[in-house]
Amino acid sequence: EEVLSSNEELQSVNEELETSKEEIQSTNEEMITINEELQLRNSELKSAFDYSRAIIQVIREPLMVLDTDLRVLTINNAFAGIFRLDAGEVEGNYLYEIGDRMFDLPRLLEQLRKMTTKQSWLQDFELEHVFGGLGNKNLSLNALRMAADGGRKTRILLAIEDITQRPNKTAL
């Protein structure tokens, strides 16, 4: 009887182990499916990033992406060319520190700081400044505050147009 009882207990334990094994297999299959979905989403995210990076680089006007601390995250080729700066010198630094502080301009910084909390758009903000090595420039700036990383972070897109050669509106 003891042997039969032990045998029944072992069969019961064996059945529980089989059930646990099936549950683990099911969980493993779910994890494989979730992993495949994550890999697909990661691939889609990388494609979207590459797409947006390509758009930024192909634009002819100088463009930069800033974080809310006014740290430069990205510049495009036009920005690097016109302001004679290398992306490696600029990206990761504060806007007001780059290029021998060429953008340490109180009016500009005030407008951009407003964008971090209040306004979401800056349009046709004109600025005249003598840039070292570049001379006197009249610039028109447009900026847009946007959510990034699923709304957890804020970015500012800043587009710069050199209007130095534009005919004076009052002369027309």
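Cut-off values and rules
- Residues numbered from 1 in each chain as written.
- Predicted model: local features only at pLDDT ≥ 70, side-chain atom pairs only at ≥ 80, totals over all residues.
- Heavy atoms only, no water.
- Patch = residues over 30% accessible without salt bridge, like charges linked within 9 Å, V, L, I, M, F, W, Y side chains within 5 Å.
- Areas by Shrake-Rupley, 256 points an atom, 1.4 Å probe, with all protein chains shown as cover.
- Salt bridge = Lys/Arg side-chain N within 4 Å of Asp/Glu carboxyl O.
- Helix = DSSP H or I, 4+ residues; strand = E, 2+ residues; numbered from the N terminus.
- Pairing = 2+ DSSP bridges.
- Axes fitted to C-alpha atoms, helices over the stretch in contact; angles between N-to-C directions.
- Contact = heavy atoms within 4.5 Å.
- Phe/Tyr/Trp six-rings, centres within 6.5 Å; stacked < 30°, edge-to-face > 60°.
- Buried < 20%, exposed > 50% of the residue type's maximum accessible area, 1.4 Å probe, protein only.
- Lys NZ or Arg CZ within 6 Å of the ring centre and 35° of its normal.

(A) View of a nonpolar patch on the surface. A surface patch of nonpolar side chains, about 400 Å² in accessible area, is lined by Tyr-51, Ile-55, Val-58 and Ile-59. Locating Ile-55 in the fold gives a position in helix α1 (residues 2-58).

(B) Spotlight on the pairing of strand β3 (residues 121-131). Sheet analysis places β3 next to strand β4 (residues 135-148), joined by 9 bridges and oriented antiparallel. Bridge assignment links Phe-131 to a residue of β4, and that residue is Gly-135. Counting the residues that bridge the hairpin from β3 to β4 gives 3 residues, and of these Gly-133 lies at a positive phi of roughly 85 degrees.

(C) Structural view of the sheet that holds strand β2 (residues 72-75). Taking strand neighbours across the sheet as the criterion, the 5 strands line up as β2-β1-β5-β4-β3 in an open arrangement whose pairing is antiparallel. What marks the edges here is a single partner per strand, and that holds for β2 and β3. Averaged over all pairs of adjacent strands, the angle between their axes in this sheet comes to 25 degrees, without regard to strand direction. With 5 bridges connecting them, strand β1 (residues 63-67) and strand β5 (residues 153-162) associate as antiparallel partners. The partner of Asp-67 across the bridge, within β5, is Arg-155. This element, helix α5 (residues 106-117), spans β1, β3, β4 and β5 of the sheet and lies at about 155 degrees to β3.

(D) Summary view of the packing of aromatic side chains. Counted under the stated rule, the structure contains 6 aromatic pairs. Ring geometry for Tyr-94 versus Tyr-96: centroids 5.3 Å apart, planes at 10 degrees, classification stacked. Look at Tyr-94 and you get partly exposed, because its relative accessible area is 22%. Pairing Phe-103 with Phe-131 gives two aromatic rings, centres 5.7 Å apart and planes at 55 degrees, and the pair type is tilted. Placement of Phe-103 in the loop between α4 (98-101) and α5 and of Phe-131 in strand β3 is noted, with a sequence separation of 28 residues between them. No difference in accessibility class separates Phe-103 from Phe-131, as the two residues are buried. Above the ring of Tyr-94, the side-chain terminus of Arg-71 is found at 4.1 Å from the ring centroid.

These figures capture arrangement, not role.
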